[in-house]
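Reading the structure
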Amino acid sequence: MQLRQPLFATLALLAISSGAQAADDLVVYTSRIDELIKPVFDAYTAKTGVKVKFITDKEAPLMARLKAEGANTPADLLITVDAGNLWQAEQMDLLKPLQSTVIDANIPPQYRASNGSWTGLSLRARTIFYSPERVTPQELSTYEALADKNWEGRLCLRTSKKVYNQSLTATLIETHGAVKAEEIVKGWVNNLATDVFADDTAMLQAIDAGQCDVGMANTYYFGRLHQQNPNLKVKLFWPNQADRGVHVNLSGAGVTKYAPHAAEAQKLLEWMTTAEAQNLFADINQEFPANPAIKPSAEVAAWGPFKADSIPLEVAGKRQVEALKLMDRAGWN
Ligand code: FE
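Remember, it's a predicted structure, so these values are computed and weren't measured experimentally. (Residues numbered from 1 in each chain as written. Predicted model: local features only at pLDDT ≥ 70, side-chain atom pairs only at ≥ 80, totals over all residues. Heavy atoms only, no water.)

1. A word on the environment of Val40
With respect to the secondary-structure elements, Val40 resides in helix α3 (residues 34-48). Among the residues examined, Val40 registers a relative accessible area of 0% and is labelled buried. For the pair Val40 and Asn85, spaced 45 residues apart in sequence, the C-alpha to C-alpha distance is 22 Å. Every residue in contact with Val40, bar those within four places of it in the chain, is listed here: Trp271, Met272, Ala277, Leu280 and Phe281. (Helix = DSSP H or I, 4+ residues; strand = E, 2+ residues; numbered from the N terminus. Buried < 20%, exposed > 50% of the residue type's maximum accessible area, 1.4 Å probe, protein only. Contact = heavy atoms within 4.5 Å.)

This is how it looks when you write it as structure tokens:
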């Protein structure tokens, strides 16, 4: 940090004195909503003088737009969630692989693309949630064990259409092989208490309401619900602590292949991996900083420490098609 500050101060002065500010404006396509990213960009502008314009949409239309715009795109950076989506962007040849000693130093290798085309910025665990009224934590152990008979009619799941579950399944395949992974997923489907949910929040509310006893969701959804209702009758459990660890996914970003301001975009991305931005970026959505040197917020830290799966998250992309087919065969709607 000490070394970077004078550098940024110099850049800010250059931007102002050259009067080239408009040309230096960065354009970001983001599937993260305004309130999650605007404070981060505002902080960057305050620090460097570089303005950041952003366009918010769902990841699929943003990627389609980048593809259609090709070399004429105004976008310098793509921000989205889930390694599965970032891998898609990489496959569609929308991202420019970077070499960055800053990113390499700040973000563990399992949370970035091996070719440098994207990096994680914040982390979320997709973990187990349960009803403390109907389940004791001693009954819980692993994701795999939720396929056991004793959970029959007690499990709730979100739809398999959501990339989060595709990525979770992809890591199951990577860990156990396709045959065993399919057995596990079939076990989950057999144990369903009710139809799959459209989102994690509805699934967590179903546990609270007594419709099911246990389910899997991303931690920040729980954080939000818990903030709204401290009496929420749902608790968090960290599975697989004796073996591979909890499935962790990310939000992340990459410089676009045809970025008009590629060097400036890389600087913004690098800055987003440093302490200043990591706190802002993670805390607003109750996520974990992807930079392990940065502590999570008190609210997030209250969930307790856990061992995370160290599988490179690229696997979520590489095995996405396989995961989709497996979930389909298993009858996961
Ligand atoms: Fe989400």
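Structure shown, so let's carry the discussion forward.
2. A closer look at empty space enclosed by the protein
Throughout the structure, instances matching the rule amount to one cavity of 30 Å³ or more. Considered as a void within the structure, the largest cavity measures approximately 40 Å³ in volume. In this structure, the largest cavity is lined by Tyr111, Thr171, His247, Val248, Asp309, Ile311 and Leu313. In terms of residue class, the lining of the largest cavity is built from four nonpolar, two polar and one charged. (1 Å grid on protein atoms, 1.4 Å probe; cavity = no way out; pocket = protein on both sides within 12 Å on 5 of 7 lines; lining within 4 Å. Points joined across faces, edges and corners; volume = space filled by probe spheres on them. Nonpolar A, V, L, I, M, F, W, Y, C, P; charged D, E, K, R; others polar.)

3. Focus on the coordination of the iron ion
On the protein side, the iron ion has Tyr164 (OH), Tyr220 (OH) and Tyr221 (OH) as donor atoms, found 1.9 to 2.0 Å from it. Between the donor residues of the iron ion, the gaps in sequence give the motif Y-x55-Y-Y. Residue Tyr164 is found in helix α7 (residues 163-176), and its partner Tyr221 is found in helix α10 (residues 219-228); the two are separated by 57 residues along the sequence. Across the pair, Tyr221 and Tyr164 agree in class, each one buried. (Donors = N, O, S within 2.8 Å, 3.2 Å for Na, K, Ca; no water.)

4. A look at the state of the cysteines
Enumeration over the complete set of coordinates arrives at one disulfide. Across a sulfur-sulfur distance of 2.1 Å, Cys156 and Cys212 are joined as a disulfide pair. The disulfide joining Cys156 to Cys212 has a torsion of about -105° about its S-S bond and is therefore left-handed. Note that Cys156 is positioned in strand β5 (residues 155-156) and Cys212 in the loop between α9 (200-209) and β6 (214-218), a separation of 56 residues in sequence. On the basis of relative accessible area, Cys156 is assigned to the buried category, the value being 0%. Cys212 gets classed as buried once you look at its relative accessible area, which sits at 1%. (Disulfide = S-S within 2.5 Å.)

5. Quick notes on the packing of aromatic side chains
Evaluated as defined, the whole model comprises nine aromatic pairs. Taken together, a centroid distance of 5.1 Å and an interplanar angle of 50° make the contact between Tyr44 and Trp271 tilted. With a gap of 227 residues between them, Tyr44 in helix α3 and Trp271 in helix α11 (residues 262-272) connect regions that are remote in the sequence. Residue Tyr44 shares its accessibility class with Trp271, and that shared class is buried. An aromatic cluster is defined as three or more aromatic residues linked by ring pairs; in this entry it consists of Phe129, Phe222, Trp238, Phe288, Trp303 and Phe306. The residue whose ring lies beneath Lys162 is Tyr164, and the NZ or CZ to ring-centre distance is 4.6 Å. (Phe/Tyr/Trp six-rings, centres within 6.5 Å; stacked < 30°, edge-to-face > 60°. Lys NZ or Arg CZ within 6 Å of the ring centre and 35° of its normal.)

So far we have only geometry, and geometry alone does not tell us how the molecule works.
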